[in-house]
Amino acid sequence: MNLMEKDCIIIGGGPAGLAAAIRLREAGVRDIVVIERERQAGGILRQCIHDGFGLTRFQESLSGPEYAWRFLEKAVDLNIPLLTETTALKVCPDKTVIAVSRRHGWLRLRARAVVLAMGCRERTRGAIGLPGTRPAGVLTAGVAQSYINIHNLMIGRDAVILGSGDIGLIMARRLTLEGARVHAVLEIQPHAGGLPRNIRQCLDDYGIPLLLEHTVVDIRGTGRLESILAAKVDANRNPVPGSEREFRCDTLILSVGLIPENELSLTAGIELDPRTGGAIVDEHYQTSVPGIFSAGNVLHVHDLVDFVSLEAETLAESVAVFLKNGCLESCPIALKAGSGVSYVLPHTISGTREVTLSLRVREPLKPCLITVRQAGGTVLSRRFAKALPAEMIHLPLEAEIVNGRTPLEVTAV
Amino acid sequence: MKTSCVCIICPKGCELEGETDGQEILSLEGASCPRGREYLAQELRDPRRTITSTVLVEGGESPLVSVRLSAPVPKNQIFAVMEAIRRLRVVAPVSLGEVLLPDLLRLGCDLIATHQVFAAEKYGPR
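As a starting point, this report considers the structure included with it. None of these values were measured; they are calculated from a predicted model.

Turning our attention to unusual backbone geometry. Note that the residue after Lys-366 of chain A, namely Pro-367 of chain A, is joined by a cis bond; omega there is 0 degrees. By secondary structure assignment, the location of Pro-367 of chain A is in the loop between strand S23 (355-361) and strand S24 (368-374). The step from Ala-92 of chain B to Pro-93 of chain B runs through a cis peptide bond, and the omega angle for that step is 0 degrees. Structurally, the position occupied by Pro-93 of chain B is in the loop between strand S8 (89-91) and strand S9 (99-101). Residue Glu-213 of chain A is not a glycine yet carries a positive backbone phi of 55 degrees. Notably, Asp-103 of chain B is not glycine yet its phi reads approximately 40 degrees, a positive angle. For Asp-103 of chain B, the position within the fold is in the loop between S9 and strand S10 (111-113). The exposure class assigned to Asp-103 of chain B is partly exposed, which follows from its relative accessible area of 39%.

In the structure shown here, the tally under the stated rule is 33 salt bridges over all chains. Where Glu-60 of chain A meets Arg-70 of chain A, a salt bridge forms, and the shortest distance between an N and an O atom there is 3.1 Å. Residue Glu-60 of chain A is found in the loop between strand S3 (51-53) and strand S4 (62-63), and its partner Arg-70 of chain A is found in helix H2 (residues 64-77); the two are separated by 10 residues along the sequence. When the shortest N-O distance is used, the salt bridge between Glu-83 of chain B and Arg-87 of chain B registers 3.8 Å. Here Glu-83 of chain B pairs with Arg-87 of chain B, and both are found in helix H2 (residues 78-87), just four residues apart, close to one helical turn. For Arg-87 of chain B, a relative accessible area of 57% gives the class exposed. Within this structure, Arg-23, Glu-26, Arg-57, Lys-74, Glu-313 and Glu-317 of chain A form a network of salt bridges that share partners.

Attention shifts here to a nonpolar patch on the surface. Residues and elements named next belong to chain A. On the surface, a nonpolar cluster with roughly 280 Å² of combined accessible area is contributed by Leu-89, Val-100 and Trp-106. By the element assignment, Leu-89 lies in strand S6 (residues 86-91). Judged by relative accessible area, Leu-89 falls into the partly exposed class, the value being 43%.

Residues and elements named next belong to chain A. Spatially, S14-S15-S16 is the arrangement adopted by the three strands of the open sheet, whose pairing is antiparallel. The strands lining the two open edges of the sheet, one partner per strand, are strand S14 (214-220) and strand S16 (245-248). Across the sheet, the axes of successive neighbouring strands diverge by a mean angle of 30 degrees, strand direction being ignored. Across six bridges, the pairing between S14 and strand S15 (residues 227-232) is antiparallel. Looking across to S15, one finds that Arg-220 is bridged to Ser-227.

A word on the interface of chain A and chain B. Interface size is often expressed as the accessible area that is lost when the parts come together. With 33 residues of chain A in contact, the opposing surface of chain B contributes 35 residues. Summed over both partners, the interface of chain A with chain B buries about 3000 Å², with 51% contributed by carbon and sulfur atoms. Across the chain A-chain B interface, the total number found is seven salt bridges. A salt bridge links Asp-205 of chain A to Arg-49 of chain B; the nearest nitrogen and oxygen atoms lie 2.4 Å apart. Put simply, chain A and chain B have 17 residue pairs in polar contact (both at pLDDT 80 or more) between them. Only H2, helix H4 (141-149), helix H5 (166-177) and helix H6 (196-203) of chain A provide two or more residues apiece to the side of chain A that touches chain B. Here the side of chain A that touches chain B gets four residues from one element, more than from any other, and that element is H6 of chain A. Residue classes in the side of chain A that touches chain B are distributed as 11 nonpolar, eight polar and 14 charged.

Calculation criteria
- Residues numbered from 1 in each chain as written.
- Chains lettered and ligands numbered in written order.
- Predicted model: local features only at pLDDT ≥ 70, side-chain atom pairs only at ≥ 80, totals over all residues.
- Heavy atoms only, no water.
- Helix = DSSP H or I, 4+ residues; strand = E, 2+ residues; numbered from the N terminus.
- Buried < 20%, exposed > 50% of the residue type's maximum accessible area, 1.4 Å probe, protein only.
- Salt bridge = Lys/Arg side-chain N within 4 Å of Asp/Glu carboxyl O.
- Patch = residues over 30% accessible without salt bridge, like charges linked within 9 Å, V, L, I, M, F, W, Y side chains within 5 Å.
- Areas by Shrake-Rupley, 256 points an atom, 1.4 Å probe, with all protein chains shown as cover.
- Pairing = 2+ DSSP bridges.
- Axes fitted to C-alpha atoms, helices over the stretch in contact; angles between N-to-C directions.
- Contact = heavy atoms within 4.5 Å.
- Buried area = accessible area lost by both parts, 1.4 Å probe.
- Polar contact = N/O pair within 3.5 Å; in protein donor to acceptor, adjacent residues only side chain to side chain.
- Nonpolar A, V, L, I, M, F, W, Y, C, P; charged D, E, K, R; others polar.

Shape is all these values report; function is a separate question.
Spelled out as structure tokens, the structure:
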């Protein structure tokens, strides 16, 4: 088996991988390759036919395929090698990548830098331990989206959606437009998981009820799903006895969260953050293994693709410097998520240049005050009219305000 | 009359709160850009939405092509538009940006392909 030597291997040809590849080429890194599992690059955007992508980046509302095409077209123009129908099986700490390809068979590649851009996958029924029988008709929102939008397969006529993540909301509208009845969207939390605009244009527009603090307590049916039993939950998320309500339906769609897909990161020995499910990275998006970088949904789940592209481009600039100098500036200052903040990225910073922090609040706050503290003193505070767990916050942090190497803590009230 | 709604123009999702007479905006708070007022004014007068869907493709390497409208249509026309989209058949190849149905239902907007679909033979036997 031949060994293919590259400057940089990018694993994943979705929005993160394509943006990284393009920016690397623009920065003068010529010897790169993108490995993509599917027949066509573009990642999850290919099945996201709804619009609203690109408002930040292109100041216009594009559908998923159109947004992906802006990058794909550029990748083609720049002659970026794209190995499609190729699955990376293993990334070694020495930056060797083992892959299998429909066209080329078994592949061994080695690079000076590896970019992990594998995206994320959906939590399934097993992950949330839904009780009941195991009939056909219980599927995740992304799978439903792929069946309907890519494969031309209608999945059912009467649906209930569990979880109010954006894909679930988008699918509620899509199913309704395709003639199915969506009886309700159930959300276990006291607040919606998706963006407010999606609640309005996907549920309110079509009169689909959103039942907060509700979950599924039973799944019924043998061959095909026949009904589900919904119940209200208390403050500890336990079902309230007597609150059960049966919904007759042939389809239950799960939109109960996304998990960064980090199996390859683990084969490389990369340290993960249990809160994000992604790698621990410094401000260069470099993981705990030098020369291996991570950005996009494989690092932390984003709500807007525009920021996936942006993050991958920032990563690419660091990779270009790494390839030129053989190393990157060290990042000795730790960044910690304090009270009210579920996570903050990057995990460490250099303190010598401006970085943009990405963070999420734990609970909806209105108004919201984000504070960055160091050694007991406040170095930065910023007020927001509102903050929702569904909306990632980007906070620029200037180098001048960081003093010494003591850790920084970010809190939200 | 007090009116509150979430602006759907961009992902920011501003919570608009205002005073209206049912037709015109008398006062408005919560919009962080001028599009919020435009949106609410439109919503009061003539609520419109863009639609995205898919159209059946014959002889293509995939069975569907994704589509969108070139401009929003009145909310009460959404299902009529969907029916017209459902009835449509196109033949591969389809290119991105191609108008598949001009002046849809005489609503003044076109149905546009948002993806390309190559003819099936391009890929050959698999």
